Amino acid sequence: MPNKKGRRGFGNVRKLPSGRWQARYPGPDGQMRNAPQTFETKRAAERWLSVTESQLMQGEWIDPERARVTLGEYAERWIIQRPGLRPRTVELYRWLLRTHIDAGLGGVELGKLSTAVIRQWRADRLAAGVSESVTAKAYRFLRAVLNTAVDEDKIMQRNPCRIRGADRENPAERPVLSVAQVFDLAGRMPDRFRALVLLAAFASLRWGEVTALRRCDVADDASWVRITRALVEVPGRGLIAGPPKSRAGVRELTLPAAIRPDVLRHLETYVGSDPMSLLFAGVRDGNAVRRPNFNQRVKWTKVVADMGLAGLHFHDLRHARNIWASKAGTSTNDLMARMGHDDMRAALIYQRATSDADERIADRLSELVDKHRDGVADTTDGDEDEPDDGDSGQPVPVG
């Protein structure tokens, strides 16, 4: 039926008793809907209808009813619907949601989120004493959740996380250990953990990787170590074995010849003959070593303080080795392949990193150890921007 002369072709407007104007329009299902707000003038209501009609025609219309879901509810569902996430990543996301996002944003409907609201939430977090690093992690998680709401679920027209610099972390510069300091630290450990420190440093292994090692992961002559899994601590479930932190984390590494005798002695003294025996196990139960128990057993805090390295994290061992390798002239691709990093350049890493390069790195590290043992001063220093991944007491994302 044609519209009467002077009437709109899409939707209608009417004046309310309050004097404001209400706009109504048919959705894709033909059901009439009210605009989410009223308007001061008839012209403003008609302009809104024109924009809404255009959105419907271009497939950009957002059902306001769906946008009424709260951010907290949607974010929890977002986590559940990603079964491929590592256990520690799930715990991290739930911790960020519970501790930082629910505070101020959890009860807000998606349709009512705006950049101004997000900016105020971030400012409140920082004002409450939350570190820039943790706030940045929470912001990145929030942005990822809302990207799904925009791109996949079509609940929002655009992501309100548009705050310049809010996703960046500025971690404090970490100390760089010399070869001499690593051997000093290893020597201060109980003998059964000496090789753990050396492997973490000279193979650039994460805590979860080195504690997951089994006899079958080490060559008979200790010339290489194979990383195929990692252990993660999951609240309520204990230690869980899973894949390394990233796809590039599955790797085989050549060990410097200078530390192979230490590894072989450890295998002979502390590791069972079963190929599946853990390299580093608890004295009493034979289970995998847990970080809090390790720190307490070796008196980590006191030991590093006595060395003049108060605040040193276990992860700094990995950090030191990466500096040594970079000083040895290692290319970025070979370095990242040995470290087990995975990002958008992973294909280039796999293509260009070779076993020859890995052996050169190991040989150069052996030279550094030999110089240390011969009494030659080690002047290694430098910076690397890899952040600490877990010794700070707070969870952090896994790549």
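What counts as what
- Residues numbered from 1 in each chain as written.
- Predicted model: local features only at pLDDT ≥ 70, side-chain atom pairs only at ≥ 80, totals over all residues.
- Heavy atoms only, no water.
- Salt bridge = Lys/Arg side-chain N within 4 Å of Asp/Glu carboxyl O.
- Helix = DSSP H or I, 4+ residues; strand = E, 2+ residues; numbered from the N terminus.
- Buried < 20%, exposed > 50% of the residue type's maximum accessible area, 1.4 Å probe, protein only.
- Pairing = 2+ DSSP bridges.
- Phe/Tyr/Trp six-rings, centres within 6.5 Å; stacked < 30°, edge-to-face > 60°.
- Polar contact = N/O pair within 3.5 Å; in protein donor to acceptor, adjacent residues only side chain to side chain.
- pLDDT = per-residue confidence, 0-100.
- Contact = heavy atoms within 4.5 Å.
- Axes fitted to C-alpha atoms, helices over the stretch in contact; angles between N-to-C directions.
- Parallel < 35°, antiparallel > 145°, perpendicular 65-115°, else oblique.
- Nonpolar A, V, L, I, M, F, W, Y, C, P; charged D, E, K, R; others polar.

Chemist: Any chance you could explain the pattern of salt bridges here in plain terms?
Modeler: Opposite charge on two side chains allows them to pair when their charged atoms are near. Overall, the coordinates contain 14 salt bridges when judged by the stated rule. Arginine 140 is the salt-bridge partner of glutamate 169, the closest N and O atoms lying 2.7 Å from each other. Of this pair, glutamate 169 sits in the loop between helix H5 (132–151) and helix H6 (179–188) while arginine 140 sits in helix H5, and the two are 29 residues apart along the sequence. With relative accessibility at 26%, the residue arginine 140 sits in the partly exposed group. Where salt bridges share partners, they join Lys137, Arg140 and Glu169 into one cluster.

Chemist: Even after reading the chapter, I still don't get helix H7 (residues 194–202), so can you show me in this structure?
Modeler: Every α-helical turn comprises 3.6 residues, leaving residues that sit three or four positions apart pointing alike. By the criterion of burial, H7 is predominantly enclosed, with nine of the nine residues buried. Listed in full, the buried residues belonging to H7 are Arg194, Ala195, Leu196, Val197, Leu198, Leu199, Ala200, Ala201 and Phe202. Positive phi appears at serine 204, one or two residues downstream of H7, with a value of about 55°.

Chemist: Would you explain the pairing of strand S6 (residues 238–242) in this entry?
Modeler: The side chains of a regular strand alternate, first on one face of the sheet and then on the other. Pairing of strand S5 (residues 230–234) with S6 involves five bridges; the strand directions are antiparallel. Residue pairing across strands places glutamate 233 opposite leucine 239, the latter belonging to S6.

Chemist: Whenever I open this one, the packing of aromatic side chains confuses me. Can you help?
Modeler: Two numbers describe a pair of aromatic rings. These are the distance of the centres and the angle of the planes. All told, the structure shown has 13 aromatic pairs when counted by the stated rule. Ring centres of tyrosine 25 and tryptophan 48 lie 5.5 Å apart, and the angle between their planes is 65°; on these two criteria the pair is classed as edge-to-face. Taken together, the residues tyrosine 25 in strand S2 (residues 21–26) and tryptophan 48 in helix H1 (residues 42–57) connect sequence positions 23 residues apart. Pairing tryptophan 78 with phenylalanine 141 gives two aromatic rings, centres 5.6 Å apart and planes at 75°, and the pair type is edge-to-face. Of the two residues, tryptophan 78 is situated in helix H2 (residues 71–80) and phenylalanine 141 in helix H5; the sequence distance between them amounts to 63 residues. For phenylalanine 141, a relative accessible area of 2% puts it in the buried group. By the ring-pair criterion, three or more aromatic residues cluster together here, those being Phe193, Trp207, Phe294, Trp300 and Phe314.

Chemist: Before we go on, may I ask you to explain the side chain of arginine 206 in this structure?
Modeler: Its place among the elements puts arginine 206 in the loop between H7 and helix H8 (207–210). The class of arginine 206 is buried, set by a relative accessible area of 8%. There is a polar contact of 2.8 Å between the side chain of arginine 206 and the side chain of glutamate 209.

Chemist: Please explain the confidence of the model for the protein as it appears in this structure.
Modeler: Caution applies to low-pLDDT parts of the model: their predicted coordinates are not meant to be read in detail. Averaged over all residues, the pLDDT of the protein equals 81, while 81% of them reach at least 70. Averaged pLDDT values for the elements of the protein fall to 34 in helix H14 (residues 346–352) and rise to 96 in helix H9 (residues 260–270). Low pLDDT, under 50, characterises residues 1–6; the predicted model gives this stretch two contacts beyond four residues in sequence or across chains. Of the regions scoring below 50 in pLDDT, residues 343–354 engages in 16 contacts with residues more than four places distant in sequence or in other chains.

Chemist: Can you walk me through the packing of H2 against H5 in this structure?
Modeler: A pair of packed helices is characterised by two quantities: the angle between their axes and the separation of those axes. Interhelical geometry of H2 versus H5 gives an angle of 90° and a closest axis separation of 10 Å. Comparing the axis directions of H2 and H5 gives the class roughly perpendicular. Along the contact surface, H2 presents Leu71, Tyr74, Ala75, Trp78 and Ile79, while H5 presents Phe141, Leu142, Ala144, Val145, Leu146, Thr148 and Ala149. Looking at the contact of H2 with H5 residue by residue, the classes come out as eleven nonpolar, one polar and no charged.

Chemist: For this particular structure, what's the right way to read the environment of arginine 260?
Modeler: Positionally, arginine 260 belongs in helix H9. Distance in space between the C-alpha atoms of arginine 260 and aspartate 221 is 7.5 Å, their sequence separation being 39 residues. Once residues within four sequence positions are removed from consideration, arginine 260 is found in contact with Asp221, Ala222, Ser223, Thr254 and Leu255.

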